[in-house]
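Report on the structure
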Amino acid sequence: MKLATWNVNSLAVRLPQLLDWLAAQQPDVLVLQETKLTDDKFPHADIAAAGWQAVWHGQKTYNGVALLARSAPTDVVKNIPGLDDPQARVIAATVAGVRVIGAYFPNGQAPGTEKFAYKMGWLEALRAWVQDELTRHPRLVLMGDYNIAPDDRDVFDPVAWAGQIHCTDEERAHFQGLCGLGLVDAFRLFEQAPRTWSWWDYRNLAFRKNQGLRIDHILVSQALQAQVAACQVDKAPRKNERPSDHAPVWVELTG
DNA sequence: ATGTCACCTGGTAGGTGA
């Protein structure tokens, strides 16, 4: 079973690339972030015609998430239950016996800002909810754009980025809090090429210089860890003429 | 290099968010 996450930075712009990637990679589940579409504009007909079922949760201009699957997603949840959040950042469903949570974590802008405080509150609510979900669904995958680089190995210039957004101790502590629930970063279960990132700024020729961050992650629950066979970032879509600033990340589960 | 992209409002540019 192959599960993947991709921040497409506007599904309206990236739909052709999405369909290409689905055809090439054949994931069983793909979660999308930053669709930037209201629900009435979601391109469900194109996605269905390509052979994937979908559920989605969008809003105007910002955020927006979706979950695509080969088999029917059930028990769909949109946003974190109990969190009064006008921003569409979470979609969860059960697919083929695996609980899949797709999330677009808040960016946080900069430490000390209102957006950073929102990010901290959101992360706390997420942790509490995921802990609860795990009691009902031991086989669980939490994936998406975390907007957190968990370790200095995940940052192209850790000195310059020390204490900056995505790299603060507070954000990293929240990432470790999720790991404390028994979740593990699937990417780090394997030897990986150094300087592997999932996001490169559009500015500064960052992709050409391979100056990026690893902020898109797939965390798998304890019950699934023995089944993790591979986890990789697919840089290929970032080389497109009009790419998203993020690359997809996928994990393969055996059985 | 101050080096981009996507979306909005409101208009043929400027502001916001990432």
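What comes next concerns the included structure. (Residues numbered from 1 in each chain as written. Chains lettered and ligands numbered in written order. Predicted model: local features only at pLDDT ≥ 70, side-chain atom pairs only at ≥ 80, totals over all residues.)

Description of the overall build of chain A
Check the secondary structure of chain A and you find six helices and 14 strands. Computed over C-alpha atoms, the radius of gyration of chain A comes to 17 Å, within 12% of the 18 Å expected from 2.2 N^0.38 for 255 residues, which places it in the range of a compact globule. Based on the C-alpha atoms only, the size of chain A along its principal axes is roughly 45 × 45 × 40 Å. Residue burial in chain A is summarised as follows: out of 255 residues, 43% are buried. For chain A, long-range pairs separated by at least 24 residues make up 67% of all intrachain contacts whose partners lie at least 6 apart in sequence. (Helix = DSSP H or I, 4+ residues; strand = E, 2+ residues; numbered from the N terminus. Rg over C-alpha atoms; globule rule 2.2 N^0.38 Å. Buried ≥ 20, exposed ≤ 12 C-beta atoms within 10 Å, placed from the backbone. Contact = placed C-beta atoms within 7 Å.)

Description of unusual backbone geometry
A positive phi angle, close to 50 degrees, is found at Asp75, a residue other than glycine. With respect to the secondary-structure elements, Asp75 resides in strand β5 (residues 74-78). You will see that Ala96, though not glycine, has its phi angle at about 50 degrees, which is positive. Tracing the chain through its elements places Ala96 in the loop between β6 (90-95) and β7 (98-104).

What about the sheet that holds strand β8 (residues 140-145)?
Pairing within the open sheet is mixed, and its six strands lie in the order β5-β6-β7-β8-β12-β9. With one partner strand each, in any of the chains shown, β5 and β9 (184-185) form the two edges of the open sheet. As paired strands, β5 and β6 are joined by three bridges and run antiparallel to one another. The residue bridging Val77 from the neighbouring strand is Ala92, located in β6. (Pairing = 2+ DSSP bridges.)

Observations concerning the nonpolar core
Judged by nonpolar contacts, the single largest core of 69 residues is most densely connected at Leu67, Ile91, Val100, Val141, Leu142 and Ile218. Filtering out sequence-adjacent residues up to four positions away, Leu142 remains in contact with Ile101, Ala103, Val130, Leu178, Leu183 and Leu219. (Core = buried A, V, L, I, M, F, W, Y, C linked by C-beta atoms within 7 Å.)

Quick word on the protein's contact with DNA strand B
Around DNA strand B, 15 residues are found, and the nearest of them are Ser10, Thr61, Asn107, Tyr202 and Arg203. Here the surface near DNA strand B is built from residues that sort into four nonpolar, six polar and five charged. (Near = placed C-beta within 6 Å. Nonpolar A, V, L, I, M, F, W, Y, C, P; charged D, E, K, R; others polar.)

Observations regarding the pairing of strand β12 (residues 216-220)
Extensive coverage of β12 is indicated by the burial of five of its five residues. Covered by surrounding structure in β12 are Asp216, Ile218 and Val220 together with His217 and Leu219, the residues of both alternating faces. Here five bridges tie β8 to β12, and the two strands are oriented antiparallel to one another. By the bridge assignment, Asp145 is partnered in β12 with Asp216. Here two bridges tie β9 to β12, and the two strands are oriented antiparallel to one another. Directly across from Asp185, in β12, lies its bridge partner Leu219.

Side note on helix α5 (residues 169-179)
Every buried residue of α5 is listed here: Glu171, His174, Phe175 and Leu178. Taken down its axis, α5 places every buried residue within 100 degrees of arc, on the same side. Across α5 from its buried face, at more than 90 degrees, point the exposed residues Asp169 and Gln176. Where the residues of α5 are buried, they touch α3 (114-136), β8 and β12. (Arc of directions from axis to C-beta.)

Digging into the environment of Pro194
Here Pro194 lies in the loop between β9 and β10 (199-200). Each C-alpha atom, one on Pro194 and one on Asp154, is 9.0 Å from the other, the two residues being 40 residues apart in sequence.

Considering the sheet that holds strand β2 (residues 29-33)
Within the open sheet, the six strands sit side by side as β3-β4-β2-β1-β14-β13. Their pairing is mixed. The open sheet has two edge strands, β3 (53-57) and β13 (228-233), and neither has a second partner. Averaged over all adjacent pairs, the angle separating strand axes in this sheet is 10 degrees, with direction ignored. Sheet analysis places β13 next to strand β14 (residues 249-253), joined by five bridges and oriented antiparallel. Its bridge partner lying in β14, Cys231 is registered against Val251. (Axes fitted to C-alpha atoms, helices over the stretch in contact; angles between N-to-C directions.)

Digging into the pairing of β14
Burial analysis of β14 places four of its five residues in the buried class, the great majority of the element. As judged from the four bridges shared by strand β1 (residues 2-7) and β14, these two strands associate in the antiparallel manner. The residue bridging Leu3 from the neighbouring strand is Val251, located in β14.

Examining helix α1 (residues 11-25)
For α1, which comprises 15 residues, the first-to-last C-alpha distance of 18 Å sits more than 12% below the rise-based estimate of 21 Å (1.5 Å per residue). Largest kink in α1: about 35 degrees, centred on Gln17. For α1, the complete set of buried residues consists of Leu11, Arg14, Leu18 and Trp21. For α1, the elements touching its buried residues are β2. Gln26 sits one or two positions beyond α1 and adopts a positive phi of about 50 degrees. (Expected span 1.5 Å × (residues − 1). Bend = angle between axes of the 7 residues up to and from the residue.)

The values are spatial; any link to function lies outside them.
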